[in-house]
Amino acid sequence: MTSGTQKNLLQEWFPHTAKPFIANAPMLGFTDVRMANAVTRAGSLGFVGGGFDFRPESIQLADLDANLAKAGSELKEIHEDDKDLPIGVGFITLTPKGFENAVAILQKHRVAAVWLSFPQSDSDHLSLIDNLRKAKEASPCDWNLKIFVQVGTVEAAKVAMEQGADVLVVQGTDAGGHQWAQGASLMSLLPEIRDTRDSDSRFGNVAIVGAGGIVDGRGCLAALGLGAEGVVMGTRFVATAECPAPEEIKQVIVHAKDGATSTVKSVQHDVYQSTDVFPRQYDGRAVIGLSYTDFQGGIADDEIIRRYNEARQKGENHRRTVWAGASVGVIHSVVTVEDLIKSIRAEMKSALTKLMGNI
Ligand SMILES: Cc1cc2nc3c(=O)[nH]c(=O)nc-3n(C[C@H](O)[C@H](O)[C@H](O)COP(=O)(O)O)c2cc1C
């Protein structure tokens, strides 16, 4: 088989998508239906953040239900009523109690994909995946839900495949936002996870996508070269016209240079915002801003939190954590989702031509 005709599960599962498979990360608070629909319309897979609160009274789930109804009506031109809704929903699985309430909403709207991230322990995903599979089988119509699990280590990848994940989102430590505190870059993770999958025939129907520091065609091409079959981008999609983030946050990303020094992986980013709920196997990468600089200057956490809250009460965003990956220095402007995806596909081709000249 040549690479041009190679069977690609992702295009088979998501027929509206072009090669290579591109998705936006389901960034809670930084993605909404407008953005997910724009990504899907551009021949990629749009995700919305579904949240982490699965209680029956959860506002996040009520919003998700309403937003998925909206997504369905807005995507009419590419979504046939008898087919799955061509967008996905991401959940943070720290507190999985009540997950069946989320599953019922996914089933009601027949979303094409679900994405699970950040369990307390890798083993926790087993019951969630079982729950999703049972709902899929019990569905009165043909529901082809695919289960994405984000993993940051080879061990977590093995567990996710054993548990029945359809897609591994391999997250390297260049990633923006939460991630494995002890991890590795895509350069190391993708080839080893690809070898692990390829060496076990039970996992032949698992697809691999790469996430972490990919912001342009060169990054996409590199991820594919390392063993991914598709890519996910988070930070790059924050700097788009459709992203619901405040403009100041987009501008911080656009103006940041040298992600090696302008961003840092730390648990502190959550401490300032009082969102320190993640277990210690995770931390997060964000731009070094005022709060982090205060921390480096020896200011106590309580005082940094007080300053943060004071700014937020005034409606100011300058002390907010700007979650962003180490490739921020290559993002120069806010663009539309459509233009971004078009330019990335074109860049991949020109990067490949240049690459061939060097081999
Ligand atoms: C602003 C922001 C918010 C994020 N929120 C989530 C989230 O809610 N759930 C999740 O699974 N991952 C989240 N992530 C991590 C992404 O899933 C993904 O791994 C990461 O964006 C990839 O790296 P990149 O940002 O360099 O593209 C977030 C990332 C960013 C930048």
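Note that the coordinates shown come from a computational prediction; the quantities given were computed from them, not determined experimentally.

Asker: Can you walk me through the overall build of the protein in this structure?
Answerer: Looking only at helices and strands, the protein has 15 helices and 11 strands in total. In summary, the protein has a C-alpha radius of gyration of 20 Å against a globular reference of 21 Å for 359 residues, a match within 12%. The dimensions of the protein, computed from C-alpha atoms along their principal axes, are 55 × 55 × 40 Å. For the protein, with 359 residues in total, the buried portion stands at 55%. Within the protein, residue pairs in contact and separated by at least 24 positions form 69% of the contacts whose partners lie at least 6 positions apart.

Asker: What's the story with the domain arrangement of the protein in this structure? I'm lost.
Answerer: In many analyses, interface size is given as the accessible surface area lost on bringing the parts together. Examined at the domain level, the protein breaks down into domain 1 (10-244 + 334-357) and domain 2 (248-313). Each of domain 1 and domain 2 was reduced to a C-alpha centroid, and the two centroids are 26 Å apart. Across the boundary between the two partners, domain 1 contributes 24 residues, which contact 16 residues of domain 2. For the pair domain 1 and domain 2, the summed buried area comes to about 1600 Å², and 61% of that belongs to carbon and sulfur atoms. When the buried surface of domain 1 facing domain 2 is broken down by residue, Leu94, His178 and Ala181 rank first, second and third, together holding 30% of it. Between domain 1 and domain 2 we count zero salt bridges in total. Listed by contribution, the elements that provide at least two residues to the side of domain 1 that touches domain 2 are strand E7 (177-180) and helix H9 (235-238).

Asker: Can you walk me through the site of the ligand in this structure?
Answerer: Taken together, 23 residues lie near the ligand, and Ser117, Gln150, Gly213, Gly234 and Thr235 sit nearest. A distance of 3.0 Å separates an oxygen atom of the ligand from a polar atom in the backbone of Leu28. Between an oxygen atom of the ligand and a main-chain N or O atom of Gly213, the distance comes to 2.8 Å. Summarising the interface, the protein chains cover 96% of the accessible area of the ligand, which totals 590 Å² for the free molecule. The residue inventory of the shell around the ligand, partitioned by class, reads 12 nonpolar, 10 polar and one charged.

Asker: It is not clear to me how the environment of Leu64 should be interpreted in this structure. Could you clarify?
Answerer: Structurally, Leu64 can be placed in helix H3 (residues 59-74). Look at Leu64 and you get buried, because its relative accessible area is 3%. In this structure Leu64 touches Val48, Gly50, Val89, Phe91 and Ile105, once residues within four positions along its chain are discounted.

Asker: For this particular structure, what's the right way to read the sheet that holds strand E3 (residues 85-92)?
Answerer: Note: strands within a sheet are paired through backbone hydrogen bonds, in either parallel or antiparallel orientation. With respect to topology, eight strands assemble into an open sheet ordered E1-E9-E8-E6-E5-E4-E3-E2, the strand pairing being parallel. Since the sheet does not close on itself, it has two edges, and those belong to strand E1 (21-24) and strand E2 (46-51), each with one partner. Between one strand axis and the next, the sheet turns by 25 degrees as a mean value, whatever way the strands run. The pairing of strand E5 (residues 146-151) with strand E6 (residues 167-171) spans four bridges and is parallel. Paired with Val151 across the strands is Val170, a residue of E6. Its contacts with the sheet place helix H6 (residues 154-163) against E5 and E6, and it is angled at close to 160 degrees to E5.

Asker: I tried to follow the sheet that holds strand E11 (residues 282-287) on my own but got confused; where do I start?
Answerer: Overall, antiparallel pairing links the three strands, which are arranged E7-E11-E10 in an open sheet. Two strands bound the open sheet, and with one partner strand each, they are E7 and strand E10 (263-266). Ignoring strand direction, the axes of neighbouring strands in this sheet form an average angle of 30 degrees. Taken together, the four bridges between E7 and E11 define a ladder with antiparallel strand orientation.

Asker: What exactly am I supposed to notice about the pattern of salt bridges here?
Answerer: A side chain of one charge can pair with a side chain of the opposite charge when the charged atoms of the two come close. Counted by the stated rule, this structure contains 20 salt bridges. Put simply, Arg280 and Asp276 hold a salt bridge, and the shortest N to O gap is 3.0 Å. On the basis of relative accessibility, which here comes to 33%, the residue Asp276 falls in the partly exposed class. Three or more residues joined by partner-sharing salt bridges are found here, namely Asp294, Glu303, Arg306, Arg307, Glu310 and Arg319.

Asker: Please clarify how the state of the cysteines should be interpreted in this entry.
Answerer: Chemically, a disulfide is nothing more than a covalent bond linking the sulfur atoms of two cysteines. Under the counting rule described, the total for this entry stands at zero disulfides. The thiol sulfur of Cys220 is not disulfide-bonded, and the nearest other cysteine sulfur, from Cys243, lies at 18 Å.

Asker: How should the side chain of Arg110 be read in this particular structure?
Answerer: Mapping Arg110 onto the fold places it in the loop between helix H4 (99-109) and strand E4 (111-117). The buried category is assigned to Arg110, whose relative accessible area is 11%. Within the local environment of Arg110, its side chain forms a polar contact with the backbone oxygen of Asp142, the two atoms lying 2.8 Å apart. What Arg110 contacts, discounting residues up to four positions off in sequence, is Asp81, Asp82, Lys83, Asp84, Leu85, Cys141, Asp142 and Trp143.

The rules behind the values
- Residues numbered from 1 in each chain as written.
- Predicted model: local features only at pLDDT ≥ 70, side-chain atom pairs only at ≥ 80, totals over all residues.
- Heavy atoms only, no water.
- Helix = DSSP H or I, 4+ residues; strand = E, 2+ residues; numbered from the N terminus.
- Rg over C-alpha atoms; globule rule 2.2 N^0.38 Å.
- Buried < 20%, exposed > 50% of the residue type's maximum accessible area, 1.4 Å probe, protein only.
- Contact = heavy atoms within 4.5 Å.
- Domains from an automatic or database assignment.
- Buried area = accessible area lost by both parts, 1.4 Å probe.
- Salt bridge = Lys/Arg side-chain N within 4 Å of Asp/Glu carboxyl O.
- Near = heavy atom within 4 Å.
- Polar contact = N/O pair within 3.5 Å; in protein donor to acceptor, adjacent residues only side chain to side chain.
- Areas by Shrake-Rupley, 256 points an atom, 1.4 Å probe, with all protein chains shown as cover.
- Nonpolar A, V, L, I, M, F, W, Y, C, P; charged D, E, K, R; others polar.
- Pairing = 2+ DSSP bridges.
- Axes fitted to C-alpha atoms, helices over the stretch in contact; angles between N-to-C directions.
- Disulfide = S-S within 2.5 Å.

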